[in-house]
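# Results of the structural survey
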Amino acid sequence: MSYLEEIQVKNLDHLGIVAGLIDEIGIVKIINNKLGIDVREKISAGTVVKSILINGLGFVSRPLYLFSQFFQDKAIEKLLGERIKPDYLNDDKIGRVMDELYKYGLNDIFIEVVLEVIKKIKIDLKYSHLDSTSFHLDGEYKREEDKEKQEEEKIIKERPILIKKGYSRDHRPDLKQCVLDLITSQDGDIPLFVRVGDGNESDKAVFGKVLVEFKKQIKFDSIMVCDSALYGQENLQLIQHLKWITRVPMTIKKAKELVQNIEVEEVKDEDKEKRSDLNLESYTWKEEIVTYGGIKQTWLIVLSEKRQKSDLEKLEKQLSQEEKKSQKFLKEIQSEEFEHPQAARYKLKAINKKLRLLEIKEVELIETYSKKKEKIYKMISLIIKKDEEISRKTKEAGKFILATNLVEENKLEASEILITYKNQQSTERGFRFLKDPLFFTDSFFVEKPERIETMLFLMSLCLLIYNLGQRELRNCLKRVKKGINNQVGKVTLRPTLRWIFQCFQGIHYVILNGVKQIVNLTEERRFILSLLPASCQRYYL
């Protein structure tokens, strides 16, 4: 045997961190307990799921049909267990496990994983955030032509989703889609609840039901935070036993009146420093007690200086654009010859429907004759501003309303309501992660809606693992009061886990004459490992 044949070099890179986080949560054990272990199988369902999650967080933009290739150059036995070979992870095995997961119940499995995380790691659950996004899909799906039955069926359902066109957050209305509802903790953006819905469903129709189902399955006292899709009389009645903060849509008459007529309070000198510390120096507000939908609430009318400036600039731009447009319309209608006065006025009415801030007003209809000596009518008109509409938009600039049902007992400070709502971006960060081109969102090659749901379940588990690892790392850096260098060489206490993954590129698992060792484990990498759970360290040290 030659010297070269006695050496095996496999890539470990950051995948030991991913595998360690999976072990820390206990995902393999949970899956095996749910689906069972068949002694005739070479690899358990839990280990298959672990391999999918490692693949998903490998950030190599490889879909699942290249799955076994992903592990060809990886330290698969180190990551997944002795005697595990890449060819065990074939399309048939992965497909069978995905079908078993769906059959058992994706929601039940995800909830158990979340409860295990909550039990092992102290996550602050005072606030939880709900939002939704859409994933567009290519191809044909067997259930997409099914008759509409959503209204009669339970929103949280056992039937497969319907792949349909709907409102696209990705601005791709030409493609079919499905919808993902996500609830995350404010502390660390940890996913707490995931639900996949039909492509054409409305947030307003399901958000209240999603929150009720979430609270049934995870029983802790959390204040739910959501955008204005939640705010409607039916939803408020549905969630009246829950605690919530949401945004009030400006389509509500009472909201319009308050924004128009109430002046927010001036900031007192003694409050300026406090607001600066909270990063709220550009906000002012006023509280009002309101009853809407039969629920007594605190409405916080907020003015953002930055948003006000932006809104007024947009208003000025819109006014300028309409002035140019209306000049063309004016020239057009004054040069046109009409057979009847009604025709001229009908044309004027149609033109004014295209304008929001300006109006073309009839001054006079002149009766005259055409070159053919036929009686015609010509309109003399002028452009006027809609002062009332411009004034309304000017008053509304920069203002929005937040509502909460925490009015007397457990009443929140206005600053806490505002800060909490601003943290609604925790779900948006999750959606950005799931839609990253380096993630396996493009793996929607499967033909069945059931597989689409299972894929999104697995992707959501990846998000949970990633955010949990990032949270633990940042909390440890904060405790030891020592940062690490980021991408531009500046010391930070809040690195992204993706940057840590990049820092671990080039770590290899080497077997030399039967002796196993990890190479390229620098002092910096050892320090980072010391900040992560022991389950991560075991793959390297």
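Before reading further, recall that the structure is shown in the block above.
Along each chain, residues carry numbers from 1 onward, in the same order as the chain's sequence is written. Local features in this predicted model are restricted to residues of pLDDT 70 or higher, and side-chain atom pairs are both shown and tallied only at a pLDDT of 80 or more, whereas totals for entire chains, interfaces and linings draw on every residue. Hydrogens and water molecules were not included; the side-chain quantities draw on all heavy atoms of the structure.

## Quick word on a nonpolar patch on the surface
Rules: Residues enter patches when they are more than 30% accessible in relative terms and free of salt bridges; like-charged ones are connected within 9 Å and nonpolar ones (Val, Leu, Ile, Met, Phe, Trp, Tyr) within 5 Å. Working definition of accessibility: Shrake-Rupley area with a 1.4 Å probe, residue cover restricted to the visible protein chains. One speaks of a salt bridge when a side-chain nitrogen belonging to Lys or Arg is within 4 Å of a carboxyl oxygen belonging to Asp or Glu. Secondary structure is summarised from DSSP: a helix means a run of H or I of at least four residues, a strand means a run of E of at least two, and numbering begins at the N terminus for each. Using a 1.4 Å probe on the protein chains alone, a residue whose accessible area is under 20% of its type maximum counts as buried, one over 50% counts as exposed, and one in between counts as partly exposed.
Nonpolar side chains collect at one region of the surface, where Val 363, Ile 366, Ile 380 and Leu 382 lie side by side and expose about 300 Å² of accessible area between them. Those elements that place two or more of their residues in the nonpolar patch are β9 (358–369) and β10 (375–385). Turning to its location among the elements, Ile 366 is positioned in strand β9. By relative accessible area, Ile 366 is classed as partly exposed at 32%.

## Side note on the pattern of salt bridges
According to the stated counting rule, one finds 28 salt bridges in the structure shown. The salt bridge partner of Arg 451 is Asp 99, with a shortest N-O separation of 2.8 Å. Residue Arg 451 is found in helix α17 (residues 449–480), and its partner Asp 99 is found in helix α6 (residues 91–104); the two are separated by 352 residues along the sequence. Judged by its relative accessible area of 19%, Arg 451 falls in the buried class. Residue class for Asp 99 comes out partly exposed when judged on its relative accessible area of 29%. Its salt-bridge partner being Glu 201, residue Arg 195 comes within 2.9 Å of it at the nearest N-O pair. Just as Arg 195 is buried, Glu 201 falls in that class too. Within the structure, one salt-bridge network assembled from shared partners comprises Asp 99, Lys 448 and Arg 451.

## Topic: unusual backbone geometry
With phi around 45 degrees, Asp 13 is a residue other than glycine that occupies positive phi space. Within the secondary structure, Asp 13 sits in the loop between β1 (7–11) and α1 (15–25). The phi dihedral of Asp 189 is positive, around 60 degrees, even though this residue is not glycine. Along the chain, Asp 189 falls in the loop between β3 (176–185) and β4 (191–197).

Geometry only, nothing functional implied.
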